[in-house]
Amino acid sequence: MLGALVGVQSEQQRQQDFSASSPLPYIVVGVIVTLLFVVTLLLVVSWVLS
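Calculation rules
- Residues numbered from 1 in each chain as written.
- Predicted model: local features only at pLDDT ≥ 70, side-chain atom pairs only at ≥ 80, totals over all residues.
- Heavy atoms only, no water.
- Helix = DSSP H or I, 4+ residues; strand = E, 2+ residues; numbered from the N terminus.
- Buried < 20%, exposed > 50% of the residue type's maximum accessible area, 1.4 Å probe, protein only.
- Areas by Shrake-Rupley, 256 points an atom, 1.4 Å probe, with all protein chains shown as cover.
- Patch = residues over 30% accessible without salt bridge, like charges linked within 9 Å, V, L, I, M, F, W, Y side chains within 5 Å.
- Salt bridge = Lys/Arg side-chain N within 4 Å of Asp/Glu carboxyl O.
- pLDDT = per-residue confidence, 0-100.

Turning our attention to the overall build of the protein. Tallying secondary structure elements over the protein gives three helices and zero strands in all. Within the protein, buried positions represent 2% of all 50 residues. In the form shown here, the protein has an accessible surface area of approximately 4,400 Å², with 73% of it arising from carbon and sulfur atoms.

If you want it as C-alpha coordinates, here you go:
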(Lines give C-alpha, C1' and ligand atoms only; values in the text may rest on other atoms or scores of the structure.)
Protein backbone atom coordinates (compact mmCIF):
# COMPACT_ATOMS: atom_id res chain seq x y z
CA MET A 1 0.00 0.00 0.00
CA LEU A 2 2.79 2.45 0.83
CA GLY A 3 4.54 1.53 -2.41
CA ALA A 4 1.72 3.25 -4.25
CA LEU A 5 2.54 6.44 -2.36
CA VAL A 6 5.85 6.74 -4.19
CA GLY A 7 4.64 5.00 -7.37
CA VAL A 8 6.57 1.73 -7.14
CA GLN A 9 4.09 -1.11 -7.21
CA SER A 10 3.27 -3.86 -9.64
CA GLU A 11 0.22 -3.84 -11.88
CA GLN A 12 -1.13 -6.86 -10.00
CA GLN A 13 -0.82 -5.05 -6.66
CA ARG A 14 -2.47 -1.93 -8.10
CA GLN A 15 -5.43 -3.98 -9.30
CA GLN A 16 -5.71 -5.65 -5.90
CA ASP A 17 -5.67 -2.24 -4.19
CA PHE A 18 -8.44 -0.88 -6.43
CA SER A 19 -10.60 -3.97 -5.93
CA ALA A 20 -10.69 -3.51 -2.15
CA SER A 21 -14.19 -3.06 -0.83
CA SER A 22 -13.45 -0.33 1.69
CA PRO A 23 -11.43 2.85 1.18
CA LEU A 24 -11.01 3.28 4.96
CA PRO A 25 -7.52 1.72 5.24
CA TYR A 26 -6.24 4.00 2.47
CA ILE A 27 -7.77 7.07 4.10
CA VAL A 28 -6.22 6.18 7.47
CA VAL A 29 -2.78 5.59 5.94
CA GLY A 30 -3.06 8.84 3.99
CA VAL A 31 -3.89 10.84 7.11
CA ILE A 32 -1.07 9.22 9.10
CA VAL A 33 1.53 9.79 6.37
CA THR A 34 0.38 13.40 5.95
CA LEU A 35 0.65 14.05 9.68
CA LEU A 36 4.11 12.49 9.80
CA PHE A 37 5.19 14.66 6.87
CA VAL A 38 3.91 17.86 8.51
CA VAL A 39 5.51 17.02 11.87
CA THR A 40 8.81 16.25 10.14
CA LEU A 41 8.70 19.58 8.30
CA LEU A 42 7.97 21.44 11.51
CA LEU A 43 10.85 19.72 13.30
CA VAL A 44 13.29 20.44 10.47
CA VAL A 45 12.26 24.11 10.27
CA SER A 46 12.49 24.45 14.04
CA TRP A 47 15.95 22.85 14.01
CA VAL A 48 17.21 25.08 11.17
CA LEU A 49 15.93 28.27 12.78
CA SER A 50 17.40 27.53 16.20
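Another aspect to go through is a nonpolar patch on the surface. A grouping of Leu 24, Ile 27, Val 28, Val 31, Ile 32, Leu 35 and Leu 36 is seen on the molecular surface, where their side chains present a nonpolar patch of about 650 Å² in accessible area. You can see Leu 24 is positioned in helix H3 (residues 24-49).

Of all residues in the protein, 86% attain a pLDDT of 70 or more, and the chain-wide mean is 84. Averaged pLDDT values for the elements of the protein fall to 63 in helix H1 (residues 2-6) and rise to 93 in H3.

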